[in-house]
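Analysis of the macromolecular model
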Amino acid sequence: MRTLTPHLKKLRAVRAVAEHGSTARAAASLFLSQPAVARAVRDVESLLDMTLFDRSARGMDLTELGQVLDARLKRAFAQLRAVDRGVTQLAAGHRLAHHRSESQLETHAGYRHLSTLMALDAAGSESRCAEALGISQPAVTQAIAQLEHLAGVRLFHRSARGMRLTEPGDALLRHARLLWFELDSASADLASRVGRLQGRVVIGTLPFSTGLFVPRAVERLLASHPAVNVTIVDGTYETLLHRLRHAELDMVIGALRQPPPADDLHQEPLFDDELAVVVRQGHPLQGRPLRGLADLVDASWILPMPNTPAQSAFERAFVSDGLAPPTSGLQVNSPALTQALLMESDRVVLMSPRQISREVKAGLLALLPITVRMTTRAIGLTTRTDYLPSPGVAFLLDALRDTAADLG
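Attention in this report is confined to the structure presented alongside it. (Residues numbered from 1 in each chain as written. Predicted model: local features only at pLDDT ≥ 70, side-chain atom pairs only at ≥ 80, totals over all residues. Heavy atoms only, no water.)

Side note on the overall build of the chain
When helices and strands are tallied, the chain shows 15 helices and 14 strands. Structurally, the chain occupies a C-alpha span of about 85 × 50 × 35 Å along its principal axes. Relative to its full complement of 408 residues, the chain shows a buried share of 49%. Here the analysis covers contacts within the chain between residues at least 6 apart in sequence; of these, 74% occur between residues at least 24 apart. Just so you have it, the chain exposes about 19500 Å², and 51% of that area is on carbon and sulfur atoms. (Helix = DSSP H or I, 4+ residues; strand = E, 2+ residues; numbered from the N terminus. Buried < 20%, exposed > 50% of the residue type's maximum accessible area, 1.4 Å probe, protein only. Contact = heavy atoms within 4.5 Å. Areas by Shrake-Rupley, 256 points an atom, 1.4 Å probe, with all protein chains shown as cover.)

Here it is as C-alpha cells:
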C-alpha cells in the first residue's frame, strides 16, 4: 500500500466529493474546476488500485473502501482545522505585519509546505534542511514563507545559531504530524480490508516497568502478522510523552502517573506491580537474619530517578516502616545498567521481580526475604485521548491486554 501523504491536495478533492456527493459541487467548494476534481479522484483510486465511489446519474456515493478512507480523511483534515483555531489563539506576538486575522492552513497547506516544516525543525537551519530534502535552499525559504503567509504568523525564530519553532510553529508541527499519522493509518486500514495487515507500530517503553510482557505481546503480533513493522524505543517519561503527543509514538507503556498527566492523554491500567529488594547472587546480605528495611538503611543503594513512580514507591516503602528513605546513592535510569551494577558490586535496589525473573532463575540475581510494603504501581498504556489505532496497533493492544491478564 503506497503512502498517501504526498497526495494531500488530491485527498482534499476526495474528501470534498465525499461530503458534497458530486465532483461539480466539490469543485465549487474548493474553487477548482470540475475536471480537476474528477481527475484528482481518479488519480487516488489509481494509486490505491481501489474504487472509492459508485458513480450514477444522481451523483457519487462512497463505496465500502471509500468509507474507510474517508473516515481517516475527516480525522486528518480536522488536524489542520484545529491548527487554524490554535494558531489564531497563539498569534499574539507572532503575527505577521499587515496580515489577515484568520489562518488558511486547512484549505491551502500542502505536502511540500508541511514536509519542509518537519525537515526544517529536525535540521535546525535552511541549508541543512535543503541538503536533507535534496532541494535548493531558496526552495526551503519559499516553502516556509508560503506556510507562514497561510498561517498569518511567524513559525520560526531566526538567529545566527539557526532556526527554532515559535509557539504557533510548534502547534502546527504537532498537528501536521498527527495528520501524517492519520494518512498512514488510512493506508493500513485499507490494506486490512483487503486481507493484508501491515503498517507500522511504534511503542515507547519506560524503564523498570515493562518486564517481559511487552516482548511477549509483540511476539504474538508478529507471529500472526509478520508484515507489521514494530519499533520499540525507550526514554524518560517527559520525552516519550512529547513524542506521543507529536504522533511519533502509538503508545507509551510503563508505570502510570496519578493523577493523569493531561486531558489530551488517556491512561489504561493493565496490572499492578510491586517491588522487592534485589541483590546479586552471593551478596553478603544473603543468609543473614534481616528484620526489614531498617537493616538496609545504610546499604549501598541504587536509587530511582526523581519524580517517578519508582521514587514514590521507594519512599513509601521506608516511610511505612517508620524510616527516613536513603537519599544518597547512585541514581540509574537503565535496567540493563542497574543489573550490571548489581552483579559487579554489593549494591541493593528495589525492582520489580517480573523485571529480573530470568536473571533470578539463572542464578545471577536474588530477592532478599524482606517484606516491602506500599510499593504497588499501576502498569499500563498511555495513548492520545482522540487516538484511533490502526489494525496492527489494535491487534497489539489486545495482545498486551491478554498478556497482562496472563501475568495477573
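Having seen the structure, we can now continue with the description.
Structural notes on the environment of Leu 117
Relative to the helices and strands, Leu 117 resides in helix H6 (residues 111-123). Put simply, Leu 117 and Asp 234 are 117 residues apart on the chain and 26 Å apart in space, counted from C-alpha to C-alpha. Residues in contact with Leu 117, not counting those within four places in the same chain, are Ile 144, Leu 147, Phe 156, Leu 165, Leu 172 and Leu 173.

Describing the sheet that holds strand S13 (residues 365-367)
Pairing in this open sheet of three strands is antiparallel, and the strands run S12-S9-S13 from one edge to the other. What marks the edges here is a single partner per strand, and that holds for strand S12 (349-351) and S13. Across this sheet, the average inter-strand angle for adjacent strands is 45 degrees, counted without regard to direction. When strand S9 (residues 276-280) meets S12, the two strands line up antiparallel, connected through three bridges. In the sheet register, Val 278 faces S12, and the bridge partner there is Val 349. (Pairing = 2+ DSSP bridges. Axes fitted to C-alpha atoms, helices over the stretch in contact; angles between N-to-C directions.)

Brief notes about the packing of helix H1 (residues 8-20) against helix H2 (residues 23-30)
Packing of H1 against H2 brings their axes to within 8 Å, and their N-to-C directions diverge by 120 degrees. As summarised for this structure, H1 and H2 are arranged oblique, according to the angle between their axes. At the point where H1 passes H2, the crossing takes the right-handed sense. Every residue of H2 that contacts H1 at Arg 12, Ala 13, Ala 16, Val 17 and His 20 is listed here: Thr 23, Arg 25, Ala 26, Ser 29 and Leu 30. Classifying every residue of the contact of H1 with H2 by side-chain character gives five nonpolar, three polar and two charged. (Parallel < 35°, antiparallel > 145°, perpendicular 65-115°, else oblique. Left-handed = near helix turned anticlockwise from the far one by under 90°. Nonpolar A, V, L, I, M, F, W, Y, C, P; charged D, E, K, R; others polar.)

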